[in-house]
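Coordinates in review
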Amino acid sequence: DAVGVADVELACALDRKREMGRELLERQLPEGQADNVAGAAVLACHGSPAGHARVLRALVATSDDDVRIAQVYLRHRPIADANEIRVVTDGIVRMPGSEAQVRALDTLAGHRLSDPVSLTILANLFPKTRSLQVQRAIAGILIRADLRSIASPQLVRTLLEDRLHSPPGDDMVDALIRRLQAY
């Protein structure tokens, strides 16, 4: 019950080749721990498909603690499957605007998305959210992404018209607008 973020970090860092924790994968989790995100993340670090699936569900949960654990795991074991990226993107869009949603978006930004469907889903969230932090996080994903599939005058217009007011000075949304205008 005492597994936390640091344990996930350690398990993933020490077992980069997924060779050390094989015996853990053969054990049954104690009753009531099958849904424990940190434990699932440790197992996922060692190669558990069920643990991986549980961590992906945690990334789109409302618990900031669960999203933090998923964030650590995914830093070590990025999502490689385009379908998983789409499912995660869709789940993030459905989250209520919160710190957990911003953290989940920041985690997705590290994946440098190129999937046009996922990028469009995120671009469509931009005008709907009432959170400046969520808009900035979306811009952070889009600016790192392969813009060939989504760059358009319509996207620039959406960013300009629907952005929430922010304190003076450049932010990620301004940088994305400049990049799209130059594209």
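Before reading further, recall that the structure is shown in the block above.
Thresholds, definitions, all that
- Residues numbered from 1 in each chain as written.
- Predicted model: local features only at pLDDT ≥ 70, side-chain atom pairs only at ≥ 80, totals over all residues.
- Heavy atoms only, no water.
- Helix = DSSP H or I, 4+ residues; strand = E, 2+ residues; numbered from the N terminus.
- Buried < 20%, exposed > 50% of the residue type's maximum accessible area, 1.4 Å probe, protein only.
- Contact = heavy atoms within 4.5 Å.
- Areas by Shrake-Rupley, 256 points an atom, 1.4 Å probe, with all protein chains shown as cover.
- Core = buried A, V, L, I, M, F, W, Y, C linked by side-chain atoms within 4.5 Å.
- Axes fitted to C-alpha atoms, helices over the stretch in contact; angles between N-to-C directions.
- Parallel < 35°, antiparallel > 145°, perpendicular 65-115°, else oblique.
- Left-handed = near helix turned anticlockwise from the far one by under 90°.
- Nonpolar A, V, L, I, M, F, W, Y, C, P; charged D, E, K, R; others polar.
- Salt bridge = Lys/Arg side-chain N within 4 Å of Asp/Glu carboxyl O.

Turning next to the overall build of the protein. Within the protein, the regular secondary structure consists of eleven helices and zero strands. Going from the N terminus to the C terminus, the protein shows its helices and strands as α-α-α-α-α-α-α-α-α-α-α. Put simply, the protein has 183 residues, and 45% of those count as buried. In the protein, of all internal contacts separated by at least 6 residues, the share reaching a separation of at least 24 is 70%. For the protein, the exposed surface amounts to about 9,700 Å²; the carbon and sulfur share of it is 51%.

This part covers the nonpolar core. In this structure, Val8, Tyr73, Leu105, Leu108, Ile138 and Ile141 are the most contacted members of the largest nonpolar core, which totals 53 residues. The element contributing the most residues to this core is helix H9 (residues 132-144), with seven residues. Apart from residues lying up to four places away in sequence, leucine 108 is in contact with Ile85, Val88, Thr89, Ile92, Leu113, Leu122 and Ile141.

The N-to-C vectors of helix H3 (residues 37-45) and helix H4 (residues 49-59) enclose an angle of 135 degrees; their axes lie 7 Å apart at closest approach. Compared by their axis directions, H3 and H4 come out oblique. The chirality of how H3 crosses H4 is left-handed. On the side of H3, the interface is formed by Val37, Ala40, Ala41 and Ala44, while H4 contributes Gly51, His52, Arg54, Val55 and Ala58. Along the lines of polarity and charge, the residues of the contact of H3 with H4 split into six nonpolar, two polar and one charged.

Moving on, we get to the packing of helix H1 (residues 5-14) against H3. The geometry of H1 relative to H3 is characterised by a closest axis approach of 8 Å and an angle of 5 degrees between their N-to-C directions. Judged by the angle between their axes, H1 and H3 are roughly parallel. On H3, the residues that touch Asp7, Val8, Ala11 and Cys12 of H1 are Ala38, Ala41, Val42 and Cys45.

Quick look at the environment of leucine 125 now. With respect to the helices, strands and loops of the structure, leucine 125 is situated in helix H8 (residues 116-125). Once the C-alpha coordinates of leucine 125 and isoleucine 92 are considered, the two residues, 33 residues apart in sequence, prove to be 9.8 Å apart. With sequence-adjacent residues up to four places away left out, leucine 125 is seen in contact with Val93, Gln101, Val134 and Ile138.

Our next topic: helix H7 (residues 99-109). Taking burial as the measure, the eleven residues of H7 include nine buried ones, the bulk of the element. Looking only at H7, the buried set comprises Ala100, Gln101, Val102, Arg103, Ala104, Leu105, Thr107, Leu108 and Ala109. Elements in contact with the buried residues of H7: H4, helix H5 (64-76), helix H6 (82-94), H8 and H9.

Once that is clear, we can look at the pattern of salt bridges. Scanning the model with the defined rule gives eleven salt bridges in all. Across the pair arginine 103 and aspartate 64 runs a salt bridge whose closest N-O atoms are separated by 3.0 Å. Separated by 39 residues along the polypeptide, arginine 103 in helix H7 and aspartate 64 in helix H5 bring together distant segments of the chain. Judged by relative accessible area, which is 13%, arginine 103 ranks as buried. Residues arginine 136 and aspartate 171 are paired through a salt bridge, measuring 3.0 Å at the closest nitrogen-oxygen approach. Placement of arginine 136 in helix H9 and of aspartate 171 in the loop between helix H10 (153-162) and helix H11 (172-182) is noted, with a sequence separation of 35 residues between them. In this structure aspartate 171 comes out as buried when scored by relative accessible area, which is 13%. Salt bridges sharing common partners tie together Asp64, Arg68, Glu99 and Arg103.

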